[in-house]
Amino acid sequence: MPPRVFTEEEKEKLREAMLDQAIPLLEEYGLKHMSVDKITKKVGIGKSTFYNFFSSKEEYVSYALEHNRKKLLDELDRKFPPGKKMKPAEVFQMWFTSLLSNNSIYKNFSAEDERALYEADKARGKEVSLERETYIAQRLMCHMEGVKEDLNVALLSNYIKLIILAYENSYMFHDVEMEHMQTELKLRVIDILFEEDAKKELIELLSGRKK
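Because the structure is a prediction, the values reported are computed rather than measured.

### With respect to the packing of helix α1 (residues 8-20) against helix α5 (residues 57-79)
Turning to step 1, where the next piece is worked out: Taken N-terminus to C-terminus, the directions of α1 and α5 make an angle of 90°; their axes are 9 Å apart at the nearest point. Judged on the interaxial angle alone, α5 and α1 are roughly perpendicular. Mapping the contact onto sequence places Arg15, Glu16, Met18, Leu19 and Asp20 in α1 and Tyr60, Tyr63, Ala64, His67 and Lys71 in α5.
Turning to step 2, where the next piece is worked out: Grouping the constituent residues of the contact of α1 with α5 by class yields five nonpolar, one polar and four charged.

Okay, here's the thing in structure tokens:
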């Protein structure tokens, strides 16, 4: 039987279905143990079909993280149209409790994984770029109350990366002070991101003083 020929519409739907499975797979296996076999089994396709779309699992994850970020930004655009914004406490719940928690995908990442993804991004022309990160920050910050007008995006981005890298390499840190260190880093992110009046409630939440 000759191989099935997909229409462009079918190809796009299949590609999106593949990308949608990346986050659950990363949460379960991490990048190191997430093989192409596991990906194709999850999506219900053959390996040859996978390689028609992506050259490697690292490239697949690179595209998937970008795909997931776009979905998040589009969802924020729908949920918070012009004139309606998230309060700082809502940002806390979305950003710190979900994206940067011990249950996030980054918990199963390693320094080697990050390097592999960096190389995959580089191959796609998606190296670390302040211009690109500023665009992403602007898409996020336009939905938030109390953001500083003179926000230092590069510094904010570096602190967020420090938080993620600490989760990924927790074995390098003293367990007894790991949570305390992460709290200090998150407080610094809040300090960089928000005006004084806006950040007061968030600092209380993060410090455990407000229930």
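### Description of the nonpolar core
Turning to step 1, where the next piece is worked out: One finds Met141, Met144, Leu151, Leu156, Leu193 and Phe194 to be the most contacted residues of the largest nonpolar core, which totals 29 residues.
Turning to step 2, where the next piece is worked out: The dominant element in this core, judged by the number of residues it contributes, is helix α9 (residues 153-168), at six residues.
Turning to step 3, where the next piece is worked out: Not counting chain neighbours up to four residues away, the residues in contact with Phe194 comprise Pro88, Val91, Glu145, Gly146, Val147, Lys148, Lys199 and Leu202.
Turning to step 4, where the next piece is worked out: Ranked by size, the runner-up nonpolar core spans 22 residues in total, among them Leu31, Phe54, Tyr60 and Phe109.

### Things to note about helix α7 (residues 111-123)
Turning to step 1, where the next piece is worked out: Taking 1.5 Å per residue, 13 residues should reach 18 Å; α7 reaches 18 Å between its end C-alpha atoms and fits that length.
Turning to step 2, where the next piece is worked out: Residues Asp113, Leu117 and Ala120 constitute the buried set of α7. Taken around the axis of α7, the buried residues stretch over an arc of 55°, which confines them to a single face. α7 presents Glu112 and Arg115 as exposed residues on the side facing more than 90 degrees away from its buried surface.
Turning to step 3, where the next piece is worked out: Along its buried surface, α7 packs onto α5.
Turning to step 4, where the next piece is worked out: Trailing α7 by a residue or two, Gly125 shows a phi angle of about 75°, which is positive.

### Regarding the side chain of His67
Turning to step 1, where the next piece is worked out: Considering the arrangement of structural elements, one finds His67 in helix α5.
Turning to step 2, where the next piece is worked out: With a relative accessible area of 16%, His67 lands in the buried category.
Turning to step 3, where the next piece is worked out: If sequence neighbours within four positions are ignored, His67 has contacts with Glu16, Leu19 and Asp20.

### Comments concerning α1
Turning to step 1, where the next piece is worked out: Helix length check: α1 (13 residues) gives 18 Å between terminal C-alpha atoms against 18 Å at 1.5 Å per residue, within 8%.
Turning to step 2, where the next piece is worked out: Burial in α1 covers these residues: Leu14, Met18 and Leu19. The arc that holds the buried residues of α1, viewed along the axis, is 135°, so those residues lie on one side. Turned more than 90 degrees from where α1 packs its buried face, Glu9 and Lys13 sit exposed.
Turning to step 3, where the next piece is worked out: Looking at the buried side of α1, the elements it contacts are α2 (22-29), α3 (36-43), α4 (47-53) and α5.

Cut-offs applied
Residues numbered from 1 in each chain as written. Predicted model: local features only at pLDDT ≥ 70, side-chain atom pairs only at ≥ 80, totals over all residues. Heavy atoms only, no water. Axes fitted to C-alpha atoms, helices over the stretch in contact; angles between N-to-C directions. Helix = DSSP H or I, 4+ residues; strand = E, 2+ residues; numbered from the N terminus. Parallel < 35°, antiparallel > 145°, perpendicular 65-115°, else oblique. Contact = heavy atoms within 4.5 Å. Nonpolar A, V, L, I, M, F, W, Y, C, P; charged D, E, K, R; others polar. Core = buried A, V, L, I, M, F, W, Y, C linked by side-chain atoms within 4.5 Å. Buried < 20%, exposed > 50% of the residue type's maximum accessible area, 1.4 Å probe, protein only. Expected span 1.5 Å × (residues − 1). Arc of directions from axis to C-beta.

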